[in-house]
Amino acid sequence: MPEPKGSGLGAAGFDREEAAIAWAKEQRASGKRTRYAWYCEGFVENAFNVTDRYKSAARAAAALDLQMGDPPRGALVFFRPDGTNQHLGHVGIALDKDTMISALNVVTESNLHQEYWANRYAGWASAPEDWAGRFSPPEQP
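Fair warning: this is a prediction, and the values are worked out from it, not measured in the lab. Numbering of residues begins from 1 in every chain and follows the order in which that chain's sequence is written. Reporting of local features is limited, given that this is a predicted model, to residues whose pLDDT is at least 70; pairs of side-chain atoms are given and counted only at 80 or more, and all residues count toward the totals for whole chains, interfaces and linings. The side-chain values count all of the structure's non-hydrogen atoms but skip hydrogen atoms and water molecules.

As for the overall build of the chain
- Counting secondary structure elements, the chain contains 4 helices and 5 strands.
- Only DSSP runs of H or I reaching four residues or more are called helices, and only runs of E reaching two or more are called strands; each is numbered from the N terminus. The helix and strand sequence of the chain, counted from the amino end, reads α-α-α-β-β-β-β-α-β.
- Categorising residues by exposure relies on relative accessible area from a 1.4 Å probe, with only protein chains included: less than 20% of the type maximum marks a residue as buried, more than 50% marks it as exposed, and the intermediate range marks it as partly exposed. A burial count over the chain gives 45% of its 141 residues as buried.
- When the accessible surface of the chain is totalled, it reaches about 7,900 Å², and 50% of it is carbon and sulfur. Computed with the Shrake-Rupley method and a 1.4 Å probe, the accessible areas treat only the protein chains shown as cover for residues.

Observations concerning the sheet that holds strand β4 (residues 107-111)
- If you walk across this open sheet you meet the 5 strands as β4-β3-β2-β1-β5, and the pairing is antiparallel. In the strand order of this sheet, the two ends are held by β4 and β5 (121-125), each with one partner. Sheet twist, expressed as the average angle between the axes of neighbouring strands with direction ignored, equals 30 degrees.
- What makes two residues a contact is simply this: any of their non-hydrogen atoms within 4.5 Å. A fitted line through C-alpha atoms serves as each axis, taken over the contacting stretch for helices, and the angle formed by two N-to-C directions is quoted from 0 to 180°. Most of the contacts of helix α1 (residues 16-29) go to β4, to which it runs at about 115 degrees, and overall it touches β2 (90-94), β3 (99-103) and β4.
- The strands touched by helix α2 (residues 40-47) within the sheet are β1 (76-79), β2, β3 and β4, with β2 carrying the most contacts at an inclination of about 30 degrees. A strand pair is defined by DSSP finding two or more bridges across the two strands.

Quick look at the pattern of salt bridges
- The salt bridge criterion pairs a side-chain nitrogen of Lys or Arg with a carboxyl oxygen of Asp or Glu, the two atoms within 4 Å. Inspection of the entire model under this criterion finds 6 salt bridges.
- Residue Glu17 pairs with Arg16 through a salt bridge whose shortest N-O separation is 3.1 Å.
- In this structure Glu17 comes out as buried when scored by relative accessible area, which is 17%.
- Here Glu109 and Arg28 are joined by a salt bridge, their closest N and O atoms 3.9 Å apart. One end of the pair, Glu109, is in strand β4; the other, Arg28, is in helix α1, and 81 residues separate them in sequence.
- Accessibility expressed as a relative area gives 35% for Arg28, which makes it partly exposed.

Focus on the layout of surface pockets
- The calculated volume of the largest pocket comes to roughly 340 Å³.
- Throughout, the protein atoms alone are placed on a 1 Å grid, and a set of points is a cavity if a 1.4 Å probe fits but cannot get out or a pocket if it is open with protein on both sides within 12 Å along at least five of seven lines; lining residues have an atom within 4 Å of a point. In this structure, the largest pocket is lined by 17 residues; those nearest its centre are Trp38, Cys40, Asn85, Leu88 and Gly89.
- Listing elements by their share of the lining of the largest pocket, those giving two or more residues are α2 and α4 (115-120).
- Of the residues that constitute the lining of the largest pocket, the class distribution is 9 nonpolar, 6 polar and 2 charged. Grid points are joined across faces, edges and corners, and a volume is the space filled by probe spheres set on the points. Note on residue categories: nonpolar means Ala, Val, Leu, Ile, Met, Phe, Trp, Tyr, Cys or Pro, charged means Asp, Glu, Lys or Arg, and polar means any other residue, Gly included.

Some points on the pairing of β3
- Among the 5 residues of β3, 5 are classified as buried, and the element is accordingly described as predominantly covered.
- Across the two faces of β3 the burial is the same, with Thr99, Ile101 and Ala103 and Met100 and Ser102 all buried.
- Relative to β3, β2 is paired through 2 bridges, and the arrangement is antiparallel. Bridge pairing links Ala94 to Met100 in β3.
- Hairpin connection between β2 and β3: a loop of 4 residues separates the two successive antiparallel strands.
- Where β3 and β4 come together, 5 bridges link them in antiparallel fashion. When the bridges of β4 are listed, Ala103 appears paired with Val107.

Let's talk about α1
- For a helix, the expected span equals 1.5 Å multiplied by the number of residues minus one. Taking 1.5 Å per residue, 14 residues should reach 20 Å; α1 reaches 20 Å between its end C-alpha atoms and fits that length.
- Those residues of α1 that fall on the buried side of the exposure criterion are Arg16, Glu17, Ala19, Ala20, Ile21, Trp23, Ala24 and Gln27.
- Buried residues along α1 sit in contact with α2, β2, β3 and β4.
- Under this definition, polar contacts are N or O atom pairs within 3.5 Å; protein pairs additionally need one hydrogen-donor-capable and one acceptor-capable atom, and for neighbouring residues in sequence, both atoms have to be side-chain atoms. The backbone nitrogen of Glu17 has a side-chain oxygen 3.1 Å away, supplied by the residue at the start of α1, namely Asp15.

Below you can see the structure in the form of structure tokens.
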């Protein structure tokens, strides 16, 4: 039997980062894509099945050990606070080293190398270990 990937709910093979990405993409595809308008930290927390851990992306970034460079898939990617984000910062979930999904006015996929994001990039961090993740029951046969 394979060893579990990551931590959180589920049996062997559960991958909380992939579950968070699947949930985030589902929000983007659904009519709920505006539910998280400009509430990026809440969107990312809910993707990992937690709520109210940090008041803003800037506070989360300050509390976590940010790494520089290309983020791995499922990592939290952070951007510096400035006037364009009401000095709250921004956070998304890396889909790969070039792309993230996050809550802007709608849930959106963005290129991390686009000038706006590249100029504000603060680094990436893994989701905290106590962010259990979302467990999706397997489809019935």
